[in-house]
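Report on the structure
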Amino acid sequence: MARRTEFTVLVGTDGSPSARAAIAAAAMFPWPRNARVHAVVARQDARAGAVKKRSGVTNQPDERIVTRTRRALARRWPDAEVTLVDEPPA
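All of these numbers come straight from a predicted model, not from anything done at the bench.

What counts and how
- Residues numbered from 1 in each chain as written.
- Predicted model: local features only at pLDDT ≥ 70, side-chain atom pairs only at ≥ 80, totals over all residues.
- Heavy atoms only, no water.
- Patch = residues over 30% accessible without salt bridge, like charges linked within 9 Å, V, L, I, M, F, W, Y side chains within 5 Å.
- Areas by Shrake-Rupley, 256 points an atom, 1.4 Å probe, with all protein chains shown as cover.
- Salt bridge = Lys/Arg side-chain N within 4 Å of Asp/Glu carboxyl O.
- Lys, Arg positive; Asp, Glu negative; His and termini not counted.
- Charge placed at Lys NZ, Arg CZ, Asp CG, Glu CD.
- Helix = DSSP H or I, 4+ residues; strand = E, 2+ residues; numbered from the N terminus.
- Expected span 1.5 Å × (residues − 1).
- Contact = heavy atoms within 4.5 Å.

Let's talk about a positive patch on the surface
- Together, R20, R64, R68, R71 and R75 line one region of the surface with positive charge.
- One can find R75 in the loop between α2 (62–74) and β3 (81–85).

This is the structure:
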């Protein structure tokens with residue numbers, strides 16, 4: 001009897017254009033049907049060490065990035081989880 005393996009996709013974003021492209025690519029990739037998806041949004045916060053503005057990084061509030069990420073992933077995975085963390089994107 002074949003055993004079903006759980007497949008998890010983890011995608012990270014900081015709201016930058018390249019990170020948004022990664023979210024779009026992950027949503028289009030032919031993952032297995034039973035794949036679960038989790039996204040991590042890195043908070044742009046001085047306490048986390050990200051004080052300098054990097055080229056291409058948006059200044060949107062963190063919650064907007066979380067909402068945008070959740071919306072993009074929900075088109076394919078309605079139960080996708082998105083977590084906001086206080087860590088630098090790198």
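The structure having been displayed, the exposition proceeds.
Some points on α2
- Between its terminal C-alpha atoms α2 stretches 18 Å, which fits the 18 Å expected from 13 residues at 1.5 Å a residue.
- The elements touched by buried residues of α2 are β1 (8–13), α1 (17–28), β2 (36–42) and β3.

Digging into the pattern of salt bridges
- In the structure shown here, the tally under the stated rule is four salt bridges.
- The salt bridge partner of R43 is D86, with a shortest N-O separation of 2.3 Å. Taken together, the positions of R43 in the loop between β2 and α2 and D86 in the segment after β3 put the pair 43 residues apart, joining distant regions of the chain.
- Sharing partners across several salt bridges, the network here consists of E6, R36 and E81.

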